Amino acid sequence: MAHARPNPLFRNLMAKLAAIPMILTAMVVFVGGTAWTVTYSFTNSKLLPREKFVGLQQYERLWETERWMVSIENLMIYGICSMVLSLLIGFVLAALMDQKIRFENTFRTIILYPFALSFIVTGLVWQWILNPEFGIQGIVRGMGWVGFTFDPLYNAQIVIFGILIAGLWQGTGLVMVLMLAGLRGIDQEIWKAARVDGIPMWKTYLFIVIPMMRPVFITTLVIIASGIVKLYDLVVAQTSGGPGIASEVPAKYVYDYMFSGQNLGQGFAASTMMLLAVLIVVIPWAYLEFGGKKRV
Amino acid sequence: MHITDPSISIRNLKLSFGAVEVLKDLDLDVAQGEFVVLLGSSGCGKSTLLNCIAGLLDVSDGQIFIGGRNVTWEEPSRRGIGMVFQSYALYPQMTVEANLSFGLKNAGLPRDEIARKVAEAARILQIEPLLKRKPAALSGGQRQRVAIGRALVRDVDVFLFDEPLSNLDAKLRAGLRVEIKQLHQTLSNTMIYVTHDQVEAMTLADRIAIMKGGQVLQFDTPHEIYARPSCLYVAEFIGSPSMNFIDGAVAEGIFAAPVGDIALEGYDFAGPPGTGPARLGIRPEHIASGPEAEAMPVRLETVVELVEPLGSDTLVRVGVQGQSLWVRMDGQAVVQPGQALQVGFAPARAHLFDKATEARL
Amino acid sequence: MSEPASLSATAAGADAVAPALSGPRGPRPRKRLSRANIIVYGTLIVVSLYYLLPLYVMVVTSLKGMPEIRLGNIFAPPMEITFEPWVKAWSEACTGLNCDGLSRGFWNSVRITVPSVVLSIAIASVNGYALANWRFKGADVFFTILIFGAFIPYQVMLYPIVILLREMGLYGTLGGLVIVHSIFGMPILTLLFRNYFTSLPEELFKAARVDGAGFWGIYFRIMLPMSLPIFVVAMILQVTGIWNDFLFGVVYTKPDIYPMTVQLNNIVNSVQGVKEYNVNMAATLLTGLVPLVIYFVSGKLFVRGIAAGAVKG
């Protein structure tokens, strides 16, 4: 009977060995990398990281830079519009698709296919369609309406909306699919009950179905939001930040300062601000979703 | 009951998940070749206990012996057990034959020996024609036979069954129940069988362990458990419909209740008859009605409240002094709600429990 | 209501049985072109046209010659179909000093995507399996960190990874980029596999353990054969994701191994030379072709992939 209790470290040893890549990724890259960047955002690193701490100097400079302010403003406009519009369009499309229509698969395939394309491809196509000379503006002018102006990519005031059009084209399909999954997840007896009670369809959607889909809405919102913060490729492809600096975004600011501006400290400070923005969105969500519960 | 050479013995077993104690200091001895049923409602810890015996859950404290060997930290495959699961747990991508031989292959047995054992198990369970099929092509009953076969080929002393019949329909269940009993008689190895179905427990078991809250409340033969439940919970749990209870107090061989004083003549007290608040239990099938009630030592004048004809029997709820009692009557009995009915029972067949400790008096 | 009163006596006699015969009976008549239907289908068709428009524009532009494009309308179908832009985009378009077309980027992307997909799925599926079935102490902590990691902007981790790769001597190499893709694919894929393996009956795992199979035995003999669909879903997710990547390609590789997306952007947005819109659109279409083919072929699995990856993420 006297055999020693096995060392707990070796219980499920194989599982632990197999999880080493995951543990390294989580601890070294995600935790370690983030901590490293945040730490070095307080240094005056230029071409190479160095440990000369200068307090909040990088942040002060960041918030005094016009390009950063423009980036933030653009991200806010793009973010709010993109969230509201993609939720709205996505939900309406999903509700239409949920009317037991024929050719549902065809419609879904068409609306979702842009999501399979990269932001680079998306940006370049829309750059072409919005080309003032040959694109929509050119065609309308060609039809005789000479004064017609629609050149979002060349107008600093509205360039961000030109990017928004492309972003929505690429992303609403996903929102629609998520919403449709949410609608399908609703107990069909709710609809039967509403029909027996004589509640009109729009009222059922507004007062019964949408409140029931709250978790789906929240999850979708978090997905859209975390995608918005990463907005980069689309801008690079469609406008390269132009005209001037009118369509700059934070992610591009970070990249440019880190890899071509030789000003790492600025890049670190800017990326830390991005992290902060994400935390403001994610932490309350995670708290609401998983707070108190152990399961992730 | 003391067992000299136990097949399985469990000593001070504890298991907790975080702060939740699932098994509390549990002891159990199972004799060689015994058929033991772990019975309880869901969440009582019966499946957890079985998983601990199988080695599929790590215990927090205590010891498990199988065949005299301490297997507390042993791998499941080295404990000398075979296990049958509720969902059959057949490997869907393998044929029946491959399912049966998977464990033997892992144990590194020679090919011809595997073939011999698989053929033997298939013969016993009469599943030879199914060997080349995939589980998806089998009926529920056939699947469960294959699952039993998988335990059978392992040539082990102990079989563990985790609610093996719960996924089957009622008719198949009764058939397979008989087969399992027959199998036990043929093989005569130790079997531990988890179920929440008291009919399965009563019919199959040599002994039943009734569990609640991670503890064994009573571990006894089916007859004893039915006739002398050791506590209020067991009394309530066993029997369908369940036992009637009357609240009152016991003093000097008299049970005083709102329905009247009941003299406990012929009642076999578990210890010295005490005094104090108590509950008296009587099973519906032990309450006589009509002319038969005349012969009973205790008689009550009641009014019929509700009638539930079941065909073979008729269940009748009667009321007396604000107390409701269920009475099992013959299926042919003609009773109407509102009708007066005399019922009676013998205190010898009643059960008395202490109101506070819930233990049998 | 007053109708029966005006009926003659004989008619009234016949009318006695009428309530059973007249009135609604049988299937309810359905209007094919109800107002609701027109709105539903009308909206969906208009929306579909809007979504298809860019694809159409890409195709027609890429099939036109430059003179025709200069004439104007980007929506007009080509008067004269030419495949020259496609040939040029594939084998002649210039990025910097190289003028061997997008084919270089295409093959780079293939060489990046194949090992990245294999490695990331191998790691993530084992992770998911270990998390679902072998819950060891602390596993949930690492998993939670991993999932939170999915929300950290890549920009925060870009430079630390540069340093790590440089230390390993992998910065600017294909191997380095493969590792980066495996790292950033890990949260979503691990979640996908964990949820899938958790949904498999736990009793199968228990039965296999009673049968004496170990960690890898159960993974390869029991779990893998049951999980082909989820592997296909993961593959679709990863192939499109990695093929479409731009940021990691541009940060962690050098120009001669740039993936297709980076090369495409360099071709189209290069400031030198005359803009050849037809070549640009052919190049764009070529780059989008791989994920588009995967999308149209895989159909519902793609939807399942993004829904599984997204809804639970």
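If you're wondering where the values come from, they're calculated on a predicted model, not measured in any experiment.

1. Details of the overall build of chain A
Line of reasoning, step 1. Along chain A, the regular secondary structure elements total 14 helices and zero strands.
Line of reasoning, step 2. Order of helices (α) and strands (β) in chain A, N terminus to C terminus: α-α-α-α-α-α-α-α-α-α-α-α-α-α.
Line of reasoning, step 3. Against the 2.2 N^0.38 benchmark of 19 Å for 296 residues, chain A shows a C-alpha radius of gyration of 25 Å, more extended than a compact globule.
Line of reasoning, step 4. Taken over the C-alpha atoms alone, chain A extends approximately 85 × 60 × 30 Å along its principal axes.
Line of reasoning, step 5. Across chain A, contacts joining residues at least 24 apart in sequence account for 66% of those joining residues at least 6 apart.
Line of reasoning, step 6. For chain A, the accessible surface area stands at approximately 13,900 Å², while carbon and sulfur atoms represent 67% of it.
Line of reasoning, step 7. Across chain A, the 22 positively charged side chains and the 16 negatively charged ones have centroids separated by 12 Å.

2. A short note on the overall build of chain B
Line of reasoning, step 1. Within chain B one finds eight helices and 20 strands.
Line of reasoning, step 2. Dimensions along the principal axes, computed over C-alpha positions, put chain B at roughly 75 × 45 × 35 Å.
Line of reasoning, step 3. Taking all 361 residues of chain B together, the buried fraction comes to 49%.
Line of reasoning, step 4. Contacts spanning at least 24 positions in sequence make up 67% of the contacts within chain B whose residues lie at least 6 apart.
Line of reasoning, step 5. If you sum the accessible surface of chain B, you get close to 15,800 Å²; carbon and sulfur atoms cover 49% of it.
Line of reasoning, step 6. Computing the positive centroid from 34 side-chain charges and the negative centroid from 42, chain B places the two 9 Å apart.

3. With respect to the domain arrangement of chain B
All names here are of chain B.
Line of reasoning, step 1. Domain assignment breaks chain B into domain 1 (6-236), domain 2 (241-284 + 347-361) and domain 3 (288-292 + 299-344).
Line of reasoning, step 2. On the side of domain 2, 12 residues touch domain 1, which itself brings 10 residues to the contact.
Line of reasoning, step 3. When domain 1 packs against domain 2, the two sides together hide about 1,000 Å² of surface, and 55% of this comes from carbon and sulfur.
Line of reasoning, step 4. On the surface where domain 1 and domain 2 come into contact, there are one salt bridge.
Line of reasoning, step 5. The partner of D268 in a salt bridge is R228, and the shortest N-O contact between them spans 3.1 Å.
Line of reasoning, step 6. Counting across the domain 1 and domain 2 interface gives five residue pairs in polar contact (both at pLDDT 80 or more).
Line of reasoning, step 7. Elements with a minimum of two residues in the side of domain 1 that touches domain 2: α7 (222-227) and α8 (232-237).
Line of reasoning, step 8. Class assignment of the residues belonging to the side of domain 1 that touches domain 2 gives a composition of seven nonpolar, one polar and two charged.

4. Side note on the confidence of the model for chain B
Line of reasoning, step 1. The share of residues in chain B with pLDDT of 70 or more is 99%, and the mean pLDDT across the chain is 90.
Line of reasoning, step 2. Mean pLDDT per element in chain B: strand β13 (residues 260-263) of chain B is the minimum at 86, and strand β3 (residues 35-39) of chain B is the maximum at 95.

5. With respect to the environment of I283 of chain A
Line of reasoning, step 1. Along the chain, the position of I283 of chain A falls in helix α14 (residues 264-290).
Line of reasoning, step 2. Residue class for I283 of chain A comes out partly exposed when judged on its relative accessible area of 47%.

6. With respect to the sheet that holds strand β1 (residues 6-17) of chain B
Residue and element names in this part refer to chain B.
Line of reasoning, step 1. Taken together, four strands build an open sheet; the order of strands is β2-β1-β4-β5 and the sheet is antiparallel. The sheet is open, and its two edges are formed by β2 (20-31) and β5 (69-70), each paired on a single side.
Line of reasoning, step 2. Note: β1 against strand β4 (residues 61-66), five bridges, orientation antiparallel. Looking across to β4, one finds that K14 is bridged to D61.

7. Things to note about the layout of surface pockets
Line of reasoning, step 1. Of the voids in this model, the largest pocket is the one considered here, and its volume is about 1,700 Å³.
Line of reasoning, step 2. What lines the largest pocket is a set of 40 residues, and nearest its centre among them are Q99, K100 and M201 of chain A together with A36 and N37 of chain C.
Line of reasoning, step 3. The set of elements that each furnish at least two residues to the lining of the largest pocket consists of α4 (66-97), α9 (188-196) and α10 (201-212) of chain A together with α3 (35-62) of chain C.
Line of reasoning, step 4. Ranked by residue count, the leading element in the lining of the largest pocket is α3 of chain C, at seven residues.
Line of reasoning, step 5. Among the residues forming the lining of the largest pocket, the class breakdown is 23 nonpolar, six polar and 11 charged.

8. Topic: the UniProt feature "domain: ABC transmembrane type-1" (unreviewed entry) in chain A
Line of reasoning, step 1. Here, the residues flagged by UniProt with the feature "domain: ABC transmembrane type-1" (unreviewed entry) are residues 72-285 of chain A.
Line of reasoning, step 2. Here residues 72-285 of chain A is 74% helix and 0% strand, with 22 Å between the C-alpha atoms at its ends.

9. Digging into the sheet that holds strand β18 (residues 323-330) of chain B
Residue and element names in this part refer to chain B.
Line of reasoning, step 1. Pairing is antiparallel in the open sheet, where five strands are placed in the order β15-β19-β16-β17-β18. The sheet is open, and its two edges are formed by β15 (288-289) and β18, each paired on a single side.
Line of reasoning, step 2. Pairing between strand β17 (residues 313-320) and β18: eight bridges, direction antiparallel. Within β18, the position partnered with D313 by the bridge is D330.

10. A few points about the interface of chain A and chain C
Line of reasoning, step 1. Taken together, the contact pairs 90 residues of chain A with 90 residues of chain C.
Line of reasoning, step 2. Taking both sides of the interface into account, the surface hidden between chain A and chain C amounts to around 8,000 Å²; carbon and sulfur atoms contribute 79%.
Line of reasoning, step 3. Linking chain A with chain C are zero salt bridges.
Line of reasoning, step 4. Summed over the shared surface of chain A and chain C, the number is 13 residue pairs in polar contact (both at pLDDT 80 or more).
Line of reasoning, step 5. With 14 residues, the single largest contributor to the side of chain A that touches chain C is helix α2 (residues 20-40) of chain A.

11. A closer look at the environment of N105 of chain A
Line of reasoning, step 1. Mapped onto the elements, N105 of chain A comes out in helix α5 (residues 104-116).
Line of reasoning, step 2. The spacing of N105 of chain A and I77 of chain A is 28 residues in sequence and 33 Å in space, taken between C-alpha atoms.

12. Topic: the pattern of salt bridges
Line of reasoning, step 1. This model, assessed by the stated rule, comprises 25 salt bridges over all chains.
Line of reasoning, step 2. With its nearest N and O atoms 3.8 Å apart, the salt bridge here joins R154 of chain B to D211 of chain C. Placement of the pair is R154 of chain B in the loop between α4 (140-152) and β7 (158-162) and D211 of chain C in the loop between α10 (202-210) and α11 (215-226), with the two residues belonging to separate chains.
Line of reasoning, step 3. Residue R154 of chain B is classed as buried on the basis of its relative accessible area of 16%.
Line of reasoning, step 4. Salt bridges sharing partners connect three or more residues here, namely R67, E248, K252 and D256 of chain A.

Calculation criteria
- Residues numbered from 1 in each chain as written.
- Chains lettered and ligands numbered in written order.
- Predicted model: local features only at pLDDT ≥ 70, side-chain atom pairs only at ≥ 80, totals over all residues.
- Heavy atoms only, no water.
- Helix = DSSP H or I, 4+ residues; strand = E, 2+ residues; numbered from the N terminus.
- Rg over C-alpha atoms; globule rule 2.2 N^0.38 Å.
- Contact = heavy atoms within 4.5 Å.
- Areas by Shrake-Rupley, 256 points an atom, 1.4 Å probe, with all protein chains shown as cover.
- Lys, Arg positive; Asp, Glu negative; His and termini not counted.
- Charge placed at Lys NZ, Arg CZ, Asp CG, Glu CD.
- Buried < 20%, exposed > 50% of the residue type's maximum accessible area, 1.4 Å probe, protein only.
- Domains from an automatic or database assignment.
- Buried area = accessible area lost by both parts, 1.4 Å probe.
- Salt bridge = Lys/Arg side-chain N within 4 Å of Asp/Glu carboxyl O.
- Polar contact = N/O pair within 3.5 Å; in protein donor to acceptor, adjacent residues only side chain to side chain.
- Nonpolar A, V, L, I, M, F, W, Y, C, P; charged D, E, K, R; others polar.
- pLDDT = per-residue confidence, 0-100.
- Pairing = 2+ DSSP bridges.
- 1 Å grid on protein atoms, 1.4 Å probe; cavity = no way out; pocket = protein on both sides within 12 Å on 5 of 7 lines; lining within 4 Å.
- Points joined across faces, edges and corners; volume = space filled by probe spheres on them.
- UniProt positions renumbered as here; feature names shortened; annotations may be inferred.

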